[in-house]
Amino acid sequence: MSNYASPEEYGLADLLCCAAAHEVKDNEVVFAGTGLPMVAIMLAQQTHAPNLKLIFEAGTLDGRPPEIPTSVGDARCEMGASRASGLYDAFSIAQRGYVDMGFLGGAEVDQYGNVNTTCIGDYLDPELRLTGSGGNPDINSFAKRTVFIMVHEKRRFVENVSYITSPGWRVKKWPGGEFVHRRELYGAAYRGGPSAIISTLGVFRFDEQDGHMYLDTYHSGSTPDEIKTQCQFDLDISRVKGATELPTKEELRLIHELLDPDEIFIPKTKKS
Amino acid sequence: MSNGKRITLQQAAEIIKDGSSLTFSGFTIWRRPMAIIFELIRQHRKNLHLIEVNGGSQTEFLVGAGCVDIWESCWVGHELYGKYGANLSRKVAEKKIIVEDYSHAEMLFRFTAAASGSPYAITQTSLGTDIHNPEYDMLGRAGLRDGKRIAKLKYQFTEDPFYGAGSQVLVPAAKVDIAVLCVQQVGEEGTVRVNGQYYSDPEVARAADITIVMAEEIVPEEYLRRNADQNTIASFEVDHIVECPFGAHPTGMFGRYDVDGAFLKNFYATTRTQEGYDAFAKEWIHGLDHISYLEKLGWPRMLKLRANTAMNYSPREKKGGN
């Protein structure tokens, strides 16, 4: 009998959470924001990566929260932590190069992994002002790799994002704004870039040389051809490996019984 | 012995003038000086220039009330209780506010520069993003970069002259008139003890010309001096102190009370429009003072939010604000 959950046992948020958790390796230093990324990281901590070191942007270093915090400023963050400090520590540690991976989100992404969380439409006359950058560009500049969790809609996977909040593999060189590989701009501070976009349809990765996105795996229920039609740019589907690994029964138990029993970030799916 | 730093909530708000630049303690929805924010709104303060490491509920209350002309920061929202700053979005759409976008680390480093008396900070963040798009220098477009309190440039690129490490970004010190902090304890002479994550409180207190500290309790100075290694900010960095229990509500305070998620959810849901904001302010801000605000909230609600002293959060407050 399979350890994998059957389709009626998990929801899309479970699948995203588990796929995100699988991106983390043991012993890594990981930077996580509020929401699904927190659940994913704590799931990795409970499964294959018990020695990962968790940093919360508000100033908790090597946190081991006993239950899911409501946001990174929450008192729960620092329970069991090595240190509760402040933003100067969190950001200088990140800029120093300690961070292996960051979990992030976004409203729009382009074919190079540039992400927008600032506004929809012309920045000088926006249709909608969003939250702004937060630490998204910082973690994406400082970490060796970043993983984005995003809702997949054609209007979000675009040729050009309205505003590059967070740098992908090919970014704008100022003052002219022409696209260059990020290696050219970051110099000695170059450490990597977005390594995966986990959307509600599939998992996407990047060719680090030319900076283009390609489809790596598709979630159960979608196909590469369908996913291609849900991108405004010409998505490379030639390198697809197969279907995204399904959540296991144990992962689902950890998410819903231990990590997020109150369904703050991940709703429970159909139950008997 | 008191040295006269103690003032009232009303006096604290009066120190902040129309046109002042302001910054705050805390992080998004934690330890924000809400009681003073509400008093500023009651006093109809205008033309404020907020310079914040990150925004949060305090930004949304002030912006919705029309107190703010300029907002320099990186993020606004109410975390899981409201996904973006609906009042700021509305004012941006109506072109009633100037927003200058920096990244979170850039804002933090701007305050560390100001706090150490340096004119600028150096960082390697956000290269290649539209944060550095020269067309998007909004204070420059508005002709406000006088090189006095507002830097001549939004940022400047430079090459590392020492180790050849390549492109660096220089960001100007955050020169700010007044920092308003909200903490657990302050001594009679101004020594501050923050419990839990101190966010960017030490930097913003040191950066500002005037620092006002609102605390859950004013405690004997000698009590804090018995364990000086546990203190966060030195006495002489603080100009004025105010005692105000539950002064951070509806934001949360480590070890004292949780974020009032239901309150913020309701604020977010009902203040998408100016009419909605005005109605909310009429009910919860105008015509009240801090004590009548707490009476309106009621003891049962406050007790539910009160933190367990061993856990530092409230196990009674259901996460998610439902």
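Anyway, here's the lowdown on the structure attached to this text. The shown structure was predicted, so the numbers you read here are calculated from the model rather than taken from an experiment.

### Some points on the sheet that holds strand 5 (residues 120-123) of chain B
Pairing between sheet strands relies on hydrogen bonds along the backbone, with the strands arranged either parallel or antiparallel.
Residue and element names in this part refer to chain B.
Moving on, step 1. Spatial strand order, 5-7-6: three strands in an open sheet with antiparallel pairing. Since the sheet does not close on itself, it has two edges, and those belong to strand 5 and strand 6 (156-159), each with one partner. The mean angle between the axes of side-by-side strands here comes to 35 degrees, regardless of whether they run parallel or antiparallel.
Moving on, step 2. Judged from the four bridges that link them, strand 5 and strand 7 (residues 167-172) form a sheet pairing that is antiparallel. Considered in strand 7, the bridge of A121 is made with V171.
Moving on, step 3. Strands in contact with helix 5 (residues 104-115) are strand 5 and strand 7; relative to strand 5, the strand with the most contacts, it is inclined by about 140 degrees.

### Things to note about the interface of chain A and chain B
Moving on, step 1. In this assembly, 53 residues from chain A lie in contact with 56 residues from chain B.
Moving on, step 2. The set of elements that each furnish at least two residues to the side of chain A that touches chain B consists of helix 3 (87-96), strand 9 (128-129), helix 4 (136-142), strand 11 (170-173) and helix 5 (182-186) of chain A.
Moving on, step 3. Residue composition of the side of chain A that touches chain B, by class: 23 nonpolar, 21 polar and nine charged.

### Thoughts on helix 4 (residues 86-93) of chain B
All names here are of chain B.
Moving on, step 1. Burial analysis of helix 4 places seven of its eight residues in the buried class, the great majority of the element.
Moving on, step 2. For helix 4, the set of buried residues is A86, N87, L88, S89, R90, K91 and V92.
Moving on, step 3. A positive backbone phi angle near 55 degrees is found at K95, which sits one or two residues after helix 4.

### Overview of the sheet that holds strand 5 (residues 101-105) of chain A
Residue and element names in this part refer to chain A.
Moving on, step 1. Strand order across the open sheet formed by 10 strands is 4-3-2-1-5-10-13-14-15-16, with mixed pairing between neighbours. Where the open sheet ends on each side, the last strands, each with one partner, are strand 4 (83-84) and strand 16 (242-243).
Moving on, step 2. Sheet topology note: the strand 1 (residues 29-32)/strand 5 ladder contains three bridges and is parallel. Among the inter-strand pairings, V30 is bridged to a residue of strand 5, identified as M101.

### A word on the packing of helix 3 (residues 57-64) of chain B against helix 4 of chain B
Residue and element names in this part refer to chain B.
Moving on, step 1. Their axes nearest at 8 Å, the elements helix 3 and helix 4 cross at an angle of 45 degrees. With respect to each other, helix 3 and helix 4 are oriented oblique. Seen along the crossing, helix 3 lies across helix 4 with a hand that is left-handed. Together, T59, E60, V63 and G64 of helix 3 and N87, L88 and K91 of helix 4 make up the contact between the two elements.
Moving on, step 2. Of the residues belonging to the contact of helix 3 with helix 4, the class tally is two nonpolar, three polar and two charged.

### Brief notes about helix 7 (residues 249-259) of chain A
Residue and element names in this part refer to chain A.
Moving on, step 1. Along helix 7, the positions that sit buried rather than exposed are E251, L252, L254, I255 and L259. Each buried residue of helix 7 sits inside an arc of 160 degrees when the element is viewed along its axis, so together they form one side. Of the residues in helix 7, the exposed ones pointing more than 90 degrees away from the buried face are E250, R253 and E257.
Moving on, step 2. Where helix 7 is buried, its residues meet helix 1 (12-21) and helix 2 (36-46).

### Some points on the packing of helix 1 of chain A against helix 2 of chain A
Residue and element names in this part refer to chain A.
Moving on, step 1. In the contact formed by helix 1 and helix 2, the axes pass within 8 Å of each other and the chain directions differ by 55 degrees. Overall, the two elements helix 1 and helix 2 adopt an arrangement that is oblique. With respect to the hand of their crossing, helix 1 and helix 2 are arranged in right-handed fashion. Here A13, L16, C17, C18, A20 and A21 of helix 1 come into contact with helix 2, specifically with L36, P37, V39, A40, L43 and A44.
Moving on, step 2. Partitioning the contact of helix 1 with helix 2 into residue classes produces 12 nonpolar, no polar and no charged.

### Focus: the environment of Y199(B)
Moving on, step 1. Here Y199(B) lies in the loop between strand 9 (192-193) and helix 7 (201-207).
Moving on, step 2. Here the alpha-carbon distance between Y199(B) and F27(B), two residues 172 residues apart in the chain, equals 6.3 Å.
Moving on, step 3. Leave out the neighbours within four places in its chain, and Y199(B) touches A58(A), G59(A), G86(A), L87(A), S25(B), G26(B) and F27(B).

### Observations concerning the environment of T146(A)
All names here are of chain A.
Moving on, step 1. Tracing the sequence through the fold places T146 in strand 10 (residues 145-150).
Moving on, step 2. For T146, a count of 28 C-beta atoms within 10 Å puts it in the buried group.
Moving on, step 3. Distance in space between the C-alpha atoms of T146 and I55 is 14 Å, their sequence separation being 91 residues.
Moving on, step 4. Non-local contacts of T146, meaning those with residues more than four positions away in its chain, are made with M101, G102, L104, I139, N140, P194 and S195.

### Section: unusual backbone geometry
Moving on, step 1. The omega angle of the peptide bond from W174(A) to P175(A) is 15 degrees, so this bond is cis rather than trans.
Moving on, step 2. Following the sequence through the fold, P175(A) ends up in the loop between strand 11 and strand 12 (178-181).
Moving on, step 3. Between H249(B) and P250(B) the backbone carries a cis peptide bond, its omega angle lying at 10 degrees.
Moving on, step 4. Here P250(B) lies in the loop between strand 11 (240-243) and helix 9 (261-270).

Cut-offs used in this document
- Residues numbered from 1 in each chain as written.
- Chains lettered and ligands numbered in written order.
- Predicted model: local features only at pLDDT ≥ 70, side-chain atom pairs only at ≥ 80, totals over all residues.
- Pairing = 2+ DSSP bridges.
- Helix = DSSP H or I, 4+ residues; strand = E, 2+ residues; numbered from the N terminus.
- Axes fitted to C-alpha atoms, helices over the stretch in contact; angles between N-to-C directions.
- Contact = placed C-beta atoms within 7 Å.
- Nonpolar A, V, L, I, M, F, W, Y, C, P; charged D, E, K, R; others polar.
- Buried ≥ 20, exposed ≤ 12 C-beta atoms within 10 Å, placed from the backbone.
- Parallel < 35°, antiparallel > 145°, perpendicular 65-115°, else oblique.
- Left-handed = near helix turned anticlockwise from the far one by under 90°.
- Arc of directions from axis to C-beta.

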